[in-house]
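# Tertiary structure, described
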Amino acid sequence: MWVESSAPSNIALIKYMGKTDVKSNRPTNSSFSFCLEKLRTFVRVRQNPELTQDVWRAYQRKDLRPIELSERGLEKFLNHFSFLKKEFKIEGFFEIESANNFPSDCGLASSASSYAALTLALHDWLIQNSADGKLGYRPKELAKLSQKGSGSSCRSFFSPWSLWHADGAESIQIPYQSLKHQVLLCDESIKSVSSSEAHVRVLTSDLFRGRVERVEARLQHLIEALRKENWKSAYEICWNEFWDMHTLFHTSVPSFMYMNDMTLKALRLLHDRWSVKQDGPLITMDAGSNIHLLYRPDQQSAYEEVLAEFRPLMPLWTDEGYLEKQ
Ligand code: DP6
């Protein structure tokens, strides 16, 4: 019998970029994210006694976008599954199917939702199939397991705000509970440098020096700004943080770049708007070309204005789903 689970993606405002231990995805610094409830990965698992190894395939469901996994991506995904089976003391082999309801591998944090959903699916299978009424793992424990598969996935276990620090990920209280999310899709193709590779390369940048101190201070300032509902300060911190991360990409050895002409054009338009109005969405970017915007509920007209301005230029992902260019 199939057991199905799903998990949301999350967007970091303070980024996890750089690891002190690659094997366990131990980060160089704390990170902080907002949960993207509507951007989800769906995973279903089923034990099959005829199999001699675990088998993954894309989940074919009309409302989902089938994932394509590279050889390396597949190996990493199945390795995490084996690790989970060992942890949960599950024998035998499984069929695993997964898919997203949003474009993958282009800076919409699909690895966060994929690994969180995989971890949850096998955990749900364990609960449903344990005769002795085994008690489930708590979200903090599941987050720690999921981190081993992909670091950012540990933040997907907490909503809406998640803080990942030295002791693991946890929920954090911030007054803005329901921000609206919009993505300007400047490029939907699969990115040439994976975020796992980016974590390694940024350490070679001269500008990485001081990053940890800089980012920990920025994290404290951002939490304080959001708690005081100082949106202007939050905007400035988020703006500086994603530029900091992308500058590391541009100055690593060898250097690489996710931003394209469309990204730069859109960033300039958005930032000019902010400068005039001194208000607007928080802007951030992941390891990709796309731009994420977060709006307070009272900024509906700004949300609609951006929709009207950018929709002719590029496809958008909004709370209503994927919007093709007009
Ligand atoms: C740029 O979690 O994808 O999205 O641990 O190697 O799987 P691995 O990396 P991953 O890194 C995400 C980095 C980021 C910023 C962030 O989400 O904090």
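Think of each chain on its own: its residues are numbered from 1, step by step along the sequence as written. Note on the predicted model: pLDDT of at least 70 is required for a residue's local features to be given, and 80 or more for side-chain atom pairs to be given and counted; whole-chain, interface and lining totals, by contrast, use all residues. Side-chain numbers come from the whole structure's heavy atoms, not from hydrogens or water.

Naming follows an unreviewed UniProt entry, where the chain appears as Diphosphomevalonate decarboxylase of Pseudobdellovibrio exovorus JSS.

## Digging into the domain arrangement of the chain
All the domain ranges listed were derived from an automatic or database domain assignment. Here the chain is described as being made up of domain 1 (3-171) and domain 2 (180-323). Pairs of residues are marked as contacts when any of their non-hydrogen atoms sit within 4.5 Å. Facing 30 residues of domain 1, the contacting portion of domain 2 comprises 42 residues. A quick way to say it: buried area is the sum, across both parts, of accessible area lost when two parts are put together, with a 1.4 Å probe. The junction of domain 1 with domain 2 conceals about 3000 Å² of combined surface from both sides, 70% of it contributed by carbon and sulfur atoms. It is Leu13, Lys15 and Met17 that lose the most area in domain 1 upon contact with domain 2, and together they represent 23% of the buried surface on that side. By definition here, a salt bridge exists when the distance from a side-chain nitrogen of Lys or Arg to a carboxyl oxygen of Asp or Glu is within 4 Å. On inspection of domain 1 and its partner domain 2, the count reaches 0 salt bridges. As used in this structure description, the phrase polar contact means that two N or O atoms lie within 3.5 Å; if the pair is within protein, one of them must be able to donate a hydrogen and the other to accept it, and residues adjacent in sequence are counted only when both atoms belong to side chains. The interface formed by domain 1 and domain 2 contains 7 residue pairs in polar contact (both at pLDDT 80 or more). Only Asp, Glu, Lys and Arg are considered charged in this grouping, and only Ala, Val, Leu, Ile, Met, Phe, Trp, Tyr, Cys and Pro are considered nonpolar; every other residue, Gly among them, is considered polar. Here the residues of the side of domain 1 that touches domain 2 sort into 17 nonpolar, 7 polar and 6 charged.

## Concerning the UniProt feature "domain: Mvd1 C-terminal" (unreviewed entry) in the chain
UniProt positions are given in the numbering used here, feature names are shortened, and annotations may be inferred rather than shown by experiment. The UniProt record marks residues 183-310 with the feature "domain: Mvd1 C-terminal" (unreviewed entry), using the residue numbering of this structure. We count a stretch as a helix when DSSP gives it H or I for four or more residues in a row; a strand needs E for two or more, and each element gets its number in order from the N terminus. Across residues 183-310 one finds 57% helix and 9% strand; the C-alpha atoms that close the span lie 10 Å apart.

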